[in-house]
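Each chain, written out:
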Amino acid sequence: MSVIDRTRSVELEDVALWDIGRKFGFYGSIIAIALASMFPVIWILISSLKPPAELFVFPQEYLPYAVSFDGGFHIVEQYPLTLENYHRALQQRPVGTYLMNSFIVASGTAIIDVILGAMAGYALSRLRFRFKLPVLLVILFAALLPFISRLIPLYRLAIDLQGTPFGTVFGLNQYLGLILPYAAFQMPFAVWIFQAYFKELPDSLEEAGLMDGLTRVGVLFRIILPVSMPAMATAAIIVFIYAWNEFLFALTFMTQDSKRTITVGIALFGGQFNSPWGIITAAVFMSLIPLLLFMFLFQKRIVEGLTAGVGKA
Amino acid sequence: MADVNPQTQDHVPFEEQGLRGRLSRYRELRLTQEELAVVLLTPVMLFLLAVSFYPIIDTFWASFHTGYVIQLPTQTTEFVGLENYARLFSSGSFWNALGVTLFYTFVSVPIELVFGLGLALLLQKDFKGRYFAQVAILFPWALPTVINAKIWAWMLNPNYGVISDILVRIGILGEPFAFLSNPDIALYSMTSITIWKTSSFMALIMLAGLSSIPDHLYESARMDGASRWRQFRDITLPLLKPTILVALIFRTLPAFQAFGLPFGLTGGGPGEATTTLVLYTQQAAYNNPGPTNGGFALGSAAATVITLIALVIALVYVGTLYEPEVR
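Residues numbered from 1 in each chain as written. Chains lettered and ligands numbered in written order. Predicted model: local features only at pLDDT ≥ 70, side-chain atom pairs only at ≥ 80, totals over all residues. Heavy atoms only, no water.

**Here's the deal with the overall build of chain A**
Okay, so step 1: Within chain A, the regular secondary structure consists of 14 helices and two strands.
Okay, so step 2: In chain A, of all internal contacts separated by at least 6 residues, the share reaching a separation of at least 24 is 70%.
Okay, so step 3: In the structure as shown, chain A presents an accessible area of about 14,600 Å², 68% of it carried by carbon and sulfur atoms. (Helix = DSSP H or I, 4+ residues; strand = E, 2+ residues; numbered from the N terminus. Contact = heavy atoms within 4.5 Å. Areas by Shrake-Rupley, 256 points an atom, 1.4 Å probe, with all protein chains shown as cover.)

So this is what it looks like as C-alpha cells:
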C-alpha cells in the first residue's frame, strides 16, 4: 500500500526509517513469540523460588525485587527467594528416584531403537531385495496404531507373567516392562530417521569396501556405521525425549512408588484443587532441567530428526 | 558403476556354488543383499509383531469376550458377540468422550497448522539469534504432556493463576476466572493449551518443507511480476502439500489419543467436560472394573473403536492429499 508509494518517490530517510521499522517489527514478533513459548517455564521457576505462603496470594508478584522511586531509586524486596520448595519436594517425594527411573527407561529405549533401527534402516535404504515396499509399509503402519489398544493386552501379559521367571523380564514394576513397549512404539520413527540418513550416503562407500574384499556385513560395521554417528545421535535423542515424556504406559505399569518415572511421580502429586503447588512447581522445574539442557545442546539434531525425509519423500 | 570384485558379486546363483561353497560363504559372513536384508529386518519385524501387532489383535479378540477384571484375574472369558459394543454404544459417556475428542482434535490441528506455517515463514530467513529463538520456540514441544498439564493447571488456577493475574492487570477481567472448572470453558482452555504446545512442532515440519522448495521458482515468479500472495498461493502451498500431509498425520493421531493433558489438567472434568476417548477408555478399563460397568472387555471394545477411527483418519488424509510423484 503506502510502502509502494514510498519506494517510488525515493526518499532515502523514509526508506531507512521503513527498514528500521520493519526490523523492529520482525524482532519484536520473534521476541514476543519466544517469550510466549518460554513463559510457562519461567513462571514455574518463579513460583518454585517463592516462599510457600507467597504462592497463594492474588495479585501475584512477578519479580523478587522491584525498583521504587521516592526522591531517589530504591530496590525493594517483594518476596525473599528461597529453595524451601525444593527441600520439601526432595524430602517428601523420591524425586531423585523418579528422575533416575526415567533416565534408565529412556536410555534403554534409545539403545534398543538405535541398534534395531540402524539395522532395519540400512536394509531398507541400501539393499536390494524382494518385498521391500511391503516391509516398509508394515513398519510405518505400526506407527499408526493407537497406544491404548496395545495397553490392555500388554498389561494382561505382564500380570500373567508375574511370578513366572519371565516376570523378571517383562512385568509390572520392571524397567523392561516399559522399555520394550516404548522401543516398539518408537521403532518406526527410528527406522525412518536411519533410512533417510543412509539414503543420502554416496554409493561409492560400499563399492570401495567391497572392492577391498570386505563382506557386506563388514561394510556395514566397518564403513557405514562409523559414518552414521550423526543419525544415531539424532535417533537416540528423539527416542529418549519420547520415552522420558510418556505417561499412559508408565502410569499403568509402574505401580510401586520406587519404580515410578518422573511424569507419573509428578502427575500423582495431588488433587486438582488442593495441590501442594510449592513442591509441585519445584519438582516440575527439576524434571525440566534435563530437557532444557537437551534442547540447548542438541537442537540441531532434534530438528534434523523430526524433519527427516520431510519435503524429500 | 565401478567393477565389483567378482568374489562379492551378488548374483552368483547359489546352486553353482554348491552346499560347501554356501556354508563357507556364511562362515565368512559373505551374505547376498537379500540374505543380509533378512538378517537385519527379522529382529525388527519380530519385535513389532510381538509388541505392536499382537496386542492390537488381542484387543480386538477381547472386545468380543467377557471381561478380564483386575480384581478377578483368574476369571474365565467367554464369547459374547457384540455385547461389549452394545454396552459401549449405549453409554452416554462414550458419546460424550467421542464428541470431546473430535472437537479437541479437529479444532486444534487446523489452527496449529496455520500458526505453524506462519511461524515457519517468520523463522525461514537467517537472522541474529535464530538458534536461541528456535530453541525457545521449540521448547513447548519437548515438554512432557502431563507435566505441561500440571504447569497450566497452576497457571490457570481459579484463585491464584497467573493468566487471570495478567488479564486482571490489563483490565480484561475484573477478578480471577475459573478457566478449568467452568464446564462451558474447560474444553476451550484445554484445546488452547495444546495449540500453544504443538504449533512449534508444526512450524518445524513446515520449515523443512519450505527449505525444499527451490529458490529459482520464486525468482522467476518475481520476474513475472507475481505478488507475494500469488507466490505463496501458486508456489508455496502446492509444493508444501506433501509436507502438510505428514504434519497432519503426525499431529491428528496423537491429538486423537490425548490422555496426559486431560489427566493432569482437569482429570476429565468438570463432570465429563474434558474426558477424551482414551481417558474414558483408561478409566473404564482400570478405574471402574466389574462385569457390568467396565473392565477390560468394555475397555477393549472402546480401544478397538479408537483404532478403527485412527486408521480411517489416516486413510482419509492419505487419500485426499497424497499425489503420486510425477517423474
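**Looking at helix α11 (residues 229–245) of chain A**
Okay, so step 1: Its 17 residues place the ends of α11 of chain A 24 Å apart at the C-alpha level, agreeing with the 24 Å of an ideal helix rising 1.5 Å per residue.
Okay, so step 2: Of all 17 residues that make up α11 of chain A, 13 are buried, and the element is covered over most of its length. (Expected span 1.5 Å × (residues − 1). Buried < 20%, exposed > 50% of the residue type's maximum accessible area, 1.4 Å probe, protein only.)

**Things to note about empty space enclosed by the protein**
Okay, so step 1: Under the criterion given, the structure shown has four cavities of 30 Å³ or more.
Okay, so step 2: When its volume is computed, the largest cavity comes out at roughly 70 Å³.
Okay, so step 3: For the largest cavity, the full set of lining residues is Q299 of chain A together with L123, Q134, I137, L138, S200, A203, L204 and L207 of chain B.
Okay, so step 4: Of all the secondary structure elements, the ones that give two or more residues to the lining of the largest cavity are α5 (130–142) and α8 (186–211) of chain B. (1 Å grid on protein atoms, 1.4 Å probe; cavity = no way out; pocket = protein on both sides within 12 Å on 5 of 7 lines; lining within 4 Å. Points joined across faces, edges and corners; volume = space filled by probe spheres on them.)

**Topic: the packing of aromatic side chains**
Okay, so step 1: For the coordinates displayed, the defined rule picks out 44 aromatic pairs over all chains.
Okay, so step 2: A ring pair is formed by F247 of chain A and F263 of chain B, whose centres lie 5.0 Å apart and whose planes are at 65°; its orientation type is edge-to-face. Residue F247 of chain A is found in the loop between α11 and α12 (248–253), and its partner F263 of chain B is found in helix α12 (residues 260–265); the two belong to separate chains.
Okay, so step 3: On the basis of relative accessible area, F247 of chain A is assigned to the buried category, the value being 5%.
Okay, so step 4: What makes F263 of chain B partly exposed here is its relative accessible area of 23%.
Okay, so step 5: Pairwise contacts between aromatic rings join F147, Y155, F170, Y182, F185, Y242, F249 and F253 of chain A together with Y286 and F296 of chain B into one cluster.
Okay, so step 6: Geometry around Y79 of chain A places K50 of chain A over its ring, the cationic atom sitting 5.3 Å from the centre.
Okay, so step 7: In this structure, K259 of chain A is placed above the aromatic ring of Y175 of chain A, and the distance from its NZ or CZ to the ring centre is 5.2 Å. (Phe/Tyr/Trp six-rings, centres within 6.5 Å; stacked < 30°, edge-to-face > 60°. Lys NZ or Arg CZ within 6 Å of the ring centre and 35° of its normal.)

**Considering the environment of G118 of chain B**
Residues and elements named next belong to chain B.
Okay, so step 1: Tracing the sequence through the fold places G118 in helix α4 (residues 92–123).
Okay, so step 2: When its relative accessible area of 39% is taken as the criterion, G118 is described as partly exposed.
Okay, so step 3: A C-alpha to C-alpha distance of 9.9 Å links G118 and M202, two positions 84 residues apart in sequence.

**Focus on a nonpolar patch on the surface**
All names here are of chain A.
Okay, so step 1: Judged by side-chain polarity, Y65, V67, F69, F73, I75 and L81 come together as a nonpolar surface patch covering roughly 740 Å² of accessible area.
Okay, so step 2: Counting residues per element, the nonpolar patch draws most heavily on strand β1 (residues 65–70), which supplies three residues.
Okay, so step 3: In this structure L81 comes out as partly exposed when scored by relative accessible area, which is 47%. (Patch = residues over 30% accessible without salt bridge, like charges linked within 9 Å, V, L, I, M, F, W, Y side chains within 5 Å. Salt bridge = Lys/Arg side-chain N within 4 Å of Asp/Glu carboxyl O.)

**Let's talk about the pairing of strand β2 (residues 72–77) of chain A**
Okay, so step 1: Inspection of the sheet shows β1 of chain A paired to β2 of chain A by six bridges, in the antiparallel sense. Residue pairing for β2 of chain A: A66 of chain A is matched across the bridge by V76 of chain A. (Pairing = 2+ DSSP bridges.)

**So, the layout of surface pockets**
Residues and elements named next belong to chain B.
Okay, so step 1: Taken as a whole, the second largest pocket holds about 1,500 Å³ of empty space.
Okay, so step 2: Looking at the second largest pocket, it is lined by 47 residues, and the ones nearest its centre are L121, Q124, K125, L207 and L210.
Okay, so step 3: Taken together, the residues of the lining of the second largest pocket sort by class into 22 nonpolar, eleven polar and 14 charged. (Nonpolar A, V, L, I, M, F, W, Y, C, P; charged D, E, K, R; others polar.)

**Looking at the interface of chain A and chain B**
By a frequent convention, interface size equals the accessible area lost on bringing the separate parts together.
Okay, so step 1: Each partner contributes residues to the interface: chain A has 102 residues there, and chain B has 109 residues.
Okay, so step 2: A combined buried area of about 9,500 Å² lies between chain A and chain B, and 76% of that area is made up of carbon and sulfur atoms.
Okay, so step 3: If you look at where chain A meets chain B, you find one salt bridge.
Okay, so step 4: With a shortest N-O distance of 2.3 Å, R130 of chain A and E34 of chain B are connected by a salt bridge.
Okay, so step 5: Partitioned by chemical class, the residues of the side of chain A that touches chain B number 77 nonpolar, 16 polar and nine charged. (Buried area = accessible area lost by both parts, 1.4 Å probe.)

**Structural notes on the packing of helix α10 (residues 216–227) of chain A against α11 of chain A**
Between two packed helices, what matters for the description is the angle formed by their axes and the separation of those axes.
All names here are of chain A.
Okay, so step 1: Relative to each other, α10 and α11 sit at 60°, their axes nearing to 4 Å. Judged by the angle between their axes, α10 and α11 are oblique. Where α10 abuts α11, its residues L225, P226 and V227 lie against M229, P230 and M232.
Okay, so step 2: Class assignment for the residues of the contact of α10 with α11 results in six nonpolar, no polar and no charged. (Axes fitted to C-alpha atoms, helices over the stretch in contact; angles between N-to-C directions. Parallel < 35°, antiparallel > 145°, perpendicular 65-115°, else oblique.)

**So, the packing of α5 of chain B against α8 of chain B**
All names here are of chain B.
Okay, so step 1: Contact geometry of α5 with α8 gives a least axis separation of 6 Å together with a crossing angle of 130°. Comparing their axes, α8 and α5 come out oblique. Crossing of α5 against α8: the hand is left-handed. The residues of α8 that touch α5, namely those facing R130, Q134, I137, L138, P140 and W141, are W196, K197, S200, F201, L204 and L207. (Left-handed = near helix turned anticlockwise from the far one by under 90°.)

**Side note on the pairing of β1 of chain A**
Okay, so step 1: With zero of its six residues buried, β1 of chain A lies for the most part at the surface.
Okay, so step 2: Taking the residues between adjacent antiparallel strands as the criterion, β1 of chain A and β2 of chain A are bridged by one residue, where G71 of chain A takes a positive phi near 90°.

**Overview of the nonpolar core**
Okay, so step 1: Ranked by internal contacts, the top residues of the largest apolar core, which has 198 residues, are Y122, F249, F253 and I302 of chain A together with L265 of chain B.
Okay, so step 2: The element that contributes the greatest number of residues to this core is helix α14 (residues 277–306) of chain A, accounting for 16 residues.
Okay, so step 3: Ignoring any residue separated from it by four or fewer positions in sequence, one finds F253 of chain A in contact with L151, L154, Y155, A158, F170, G171, L172, N173, G177 and L178 of chain A. (Core = buried A, V, L, I, M, F, W, Y, C linked by side-chain atoms within 4.5 Å.)

**Looking at the environment of A62 of chain B**
Okay, so step 1: Mapped onto the elements of the fold, A62 of chain B is located in helix α2 (residues 33–62).
Okay, so step 2: For A62 of chain B, a relative accessible area of 6% translates into the label buried.
Okay, so step 3: Sequence separation between A62 of chain B and S300 of chain B is 238 residues, and the spatial gap between their C-alpha atoms is 6.1 Å.
Okay, so step 4: Filtering out sequence-adjacent residues up to four positions away, A62 of chain B remains in contact with R156 of chain A together with N84, A297 and S300 of chain B.

**Section: the environment of A308 of chain A**
Residues and elements named next belong to chain A.
Okay, so step 1: Residue placement: A308 occurs in the segment after α14.
Okay, so step 2: Along the sequence, A308 and W192 sit 116 residues apart, while their C-alpha atoms lie 7.4 Å from each other.
Okay, so step 3: Each residue touching A308, except ones within four places of it in the same chain, is listed here: W192, I193 and A196.

**Some details on the pattern of salt bridges**
Okay, so step 1: Scanning the entire structure with this criterion turns up eight salt bridges over all chains.
Okay, so step 2: D203 of chain A is the partner of R126 of chain A in a salt bridge, and the nearest nitrogen-oxygen pair spans 3.6 Å. Of the two residues, R126 of chain A sits in helix α5 (residues 95–126) while D203 of chain A sits in the loop between α8 (175–200) and α9 (204–211), which places them 77 residues apart along the sequence.
Okay, so step 3: In this structure R126 of chain A comes out as buried when scored by relative accessible area, which is 12%.
Okay, so step 4: For D203 of chain A, a relative accessible area of 54% translates into the label exposed.
Okay, so step 5: For D234 of chain B, the salt bridge is made with R230 of chain B, and the minimal N-O distance between the two is 2.7 Å. In this pair, D234 of chain B and R230 of chain B both sit in helix α10 (residues 228–239), four residues apart, roughly one turn of the helix.
Okay, so step 6: Given the relative accessible area of 37%, D234 of chain B is considered partly exposed.
Okay, so step 7: For R230 of chain B, a relative accessible area of 42% translates into the label partly exposed.
Okay, so step 8: Via salt bridges that share partners, R126, D203 and E206 of chain A belong to a single interconnected network.

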